[in-house]
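Listed below, chain by chain, are the residues.
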Amino acid sequence: MSFKVAIVGRPNVGKSTLFNRLVGKKLALVDDTPGVTRDRREGEAHLGDLTFTVIDTAGLEEATGDSLEARMRRQTDAAIADADVCLLLMDARAGVTPLDKRFAQILRKFPTPVVLAANKCEGGAGEAGRMEAFELGLGAPIPLSAEHGEGLSALYQSLQPFADAVTESEREQAIEDALANDEGGEKFDPDAPYEPDLEAPLRIAVVGRPNVGKSTLVNLLLGEDRMMTGPEAGITRDAIGIEWMWRGRRVKLWDTAGMRRRARVTEKLEKLSVADTLRAIRFAEVVAITLDASIPFERQDLHIADLVEQEGRAMIIVVNKWDTVEDPQTKLRELKLELERLLPQVRGLPIVTLSALTGRGTEKLMPAIERVHTLWNARISTAKLNRWLEDAITRHPPPAVKGRPINLKYMAQVKSRPPTFAVFSSRAEEVPTAYRRYMVNGLREAFDLPAVPIRLFMRARKNPFADKKKRNN
């Protein structure tokens, strides 16, 4: 068990830059615009021989009611309460501001210990501001430069005692567990059902246009207000990955920023958010494309589905806000017909209708995801494939090219995730695209592979007499 460090402070002091420095990756979006971070993000940090969980938080701001800033503040408060230590970051170049003083007072009300750090101290430029930080009454401020990696040794020394405290608590817990077992605690039950230890988590990305309810759906699945939600479009900016357990299975769930049409994306920050969403799609195994029941299958929805198919990920269609539909049965029939017409390249996509606001229908989501994940990992024996190939050629032989017939010799599955097949022929490059599409549709139907991309490659079969002819010449 590692300890948790929450990085807090007013906006634009470098919290996300320090987070990226500690985790060794550019996970959090960084921009000069204040208030980029909205949801809290966790990552595994390494500092010398210390390994701990670091939490990037939204900038602390004065806020009341149910405004966007107030919801951001509640996310930060939750991170502070969950942490073992808070790292209060201030901008040494700007000096101590009234907002720094205000939030130093707020942090004193929490039982969580606080370490004060003055960022942007590279080259001694912020020395005067660092001296001012003593008036916050939180001890000597650590001089840091998150951007240049300076001052990390001093940060290590400040965090080391918290690692020692966690190690000691683990040792005490081990002793308590041993005593409990000696006193007749829980013992091994040979009749208990076997539960496999699935070490690799199921990776799911929830994507879609802005304001379709992605964050509300993620919160409902997790059973807590983990992600910020609200009526404003585009609240989520980072693609946030959350570890979760579902029926004993590990799941990594990504909530992503809404994706608008490329022509409408003009601001640098939104471009960064879209790039973060694309990375989440590439890292996922199953992508839940979330639609608004009132305006389903807009052009952008189809573009997102096409991106997912190109990346080779399994996908399902989630139609949210189903509680607003007046005639569900008729609407569902219309959606299925539209889906077959608009996305012929991925036939048989399952549609899950639900309401993330009321929770109705959400119990169908994870079983549907598991089914398409199983199909995405499908393996088909070479013998079955070649029997199918023989029948497919008999029903519809490949067309002749330049008066010469194309002979398809045999085929095999070369990989899964997604199912990928190779067909061998002496004239592979001449097989028409239409015939390849016929084969993909036939494979999908014969081996029951809906909802997953199918890759089909034509490979030239080497002529065993080619080398002999060259030698004779």
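Remember, it's a predicted structure, so these values are computed and weren't measured experimentally.

(A) View of the packing of aromatic side chains. One pass over the structure, following the stated rule, counts 4 aromatic pairs. Seen from their ring centres, Phe3 and Phe52 are 5.1 Å apart, and the 25 degrees between their planes marks the pair as stacked. Placement of the pair is Phe3 in the segment before strand E1 (4-8) and Phe52 in strand E3 (residues 50-56), with a sequence separation of 49 residues. You can call Phe52 buried: its relative accessible area is 0%. Each ring, one from Tyr410 and one from Phe424, has its centre 4.6 Å from the other, and the planes form 15 degrees; the classification is stacked. One end of the pair, Tyr410, is in strand E13 (residues 408-415); the other, Phe424, is in strand E14 (residues 420-425), with 14 residues separating them in the sequence. Classification of Tyr410 as partly exposed rests on a relative accessible area of 34%. Over the ring of Phe283 we find Arg203; its NZ or CZ atom is 4.6 Å from the centre of that ring.

(B) Representation of helix H8 (residues 299-310) within the structure. Between its terminal C-alpha atoms H8 stretches 17 Å, which fits the 16 Å expected from 12 residues at 1.5 Å a residue. All of the buried residues in H8 are Gln300, Asp301, Ile304, Ala305, Val308 and Glu309. Positive backbone phi, approximately 75 degrees, marks Gly312, located one or two places after H8.

(C) Highlighting helix H10 (residues 365-376). The end-to-end C-alpha distance of H10 is 17 Å, a good match for the 16 Å that 12 residues give at a rise of 1.5 Å each. Along H10, the residues classified as buried are Leu365, Met366, Ala368, Ile369, Val372, His373, Leu375 and Trp376.

(D) Examining unusual backbone geometry more closely. Pro418 follows Arg417 through a cis peptide bond whose omega is 0 degrees. Its identity as a non-glycine residue notwithstanding, Arg247 has a phi of 50 degrees, on the positive side. Looking at where Arg247 falls in the secondary structure, it is placed in the loop between strand E8 (240-246) and strand E9 (249-255). Taking the relative accessible area as the measure of exposure, Arg247 reaches 69% and is therefore exposed. We note that Lys321 has phi near 65 degrees; this positive angle belongs to a residue other than glycine. Structurally, Lys321 is set in the loop between strand E11 (314-320) and helix H9 (328-342). Relative accessible area serves as the criterion here: at 27%, Lys321 is assigned to the partly exposed category.

(E) Highlighting the pattern of salt bridges. Throughout the structure, instances matching the rule amount to 16 salt bridges. Among the ionic pairs, Glu285 bridges to Arg417, the shortest N-O distance being 2.8 Å. One end of the pair, Glu285, is in the loop between helix H7 (268-283) and strand E10 (286-292); the other, Arg417, is in the loop between E13 and E14, and 132 residues separate them in sequence. Residue Glu338 is joined to Arg341 by a salt bridge in which the shortest nitrogen-to-oxygen separation is 3.0 Å. A residue pair is termed a helical-turn pair when its members lie 3 or 4 positions apart in one helix, as Glu338 and Arg341 do in helix H9 at 3 residues. Overall, the relative accessible area of 30% leaves Glu338 in the partly exposed class. On the accessibility criterion, Arg341 (55% relative accessible area) is exposed.

(F) Spotlight on the sheet that holds strand E2 (residues 41-47). Across the sheet, 6 strands lie side by side as E2-E3-E1-E4-E5-E6; this open sheet has mixed pairing. Edge strands, defined here as strands with exactly one partner in the open sheet, are E2 and strand E6 (142-143). The pairing of E1 with E3 spans 4 bridges and is classified as parallel. Following the sheet pairing, Ile7 is matched in E3 by Asp56. Where helix H1 (residues 15-23) meets the sheet, its contacts fall on E1, E2, E3 and strand E4 (85-91), and the angle it forms with E2 comes to roughly 55 degrees. Its contacts with the sheet place helix H3 (residues 98-108) against E1, E4 and strand E5 (114-119), and it is angled at close to 170 degrees to E4.

What counts, and at which threshold
- Residues numbered from 1 in each chain as written.
- Predicted model: local features only at pLDDT ≥ 70, side-chain atom pairs only at ≥ 80, totals over all residues.
- Heavy atoms only, no water.
- Phe/Tyr/Trp six-rings, centres within 6.5 Å; stacked < 30°, edge-to-face > 60°.
- Helix = DSSP H or I, 4+ residues; strand = E, 2+ residues; numbered from the N terminus.
- Buried < 20%, exposed > 50% of the residue type's maximum accessible area, 1.4 Å probe, protein only.
- Lys NZ or Arg CZ within 6 Å of the ring centre and 35° of its normal.
- Expected span 1.5 Å × (residues − 1).
- Salt bridge = Lys/Arg side-chain N within 4 Å of Asp/Glu carboxyl O.
- Pairing = 2+ DSSP bridges.
- Contact = heavy atoms within 4.5 Å.
- Axes fitted to C-alpha atoms, helices over the stretch in contact; angles between N-to-C directions.

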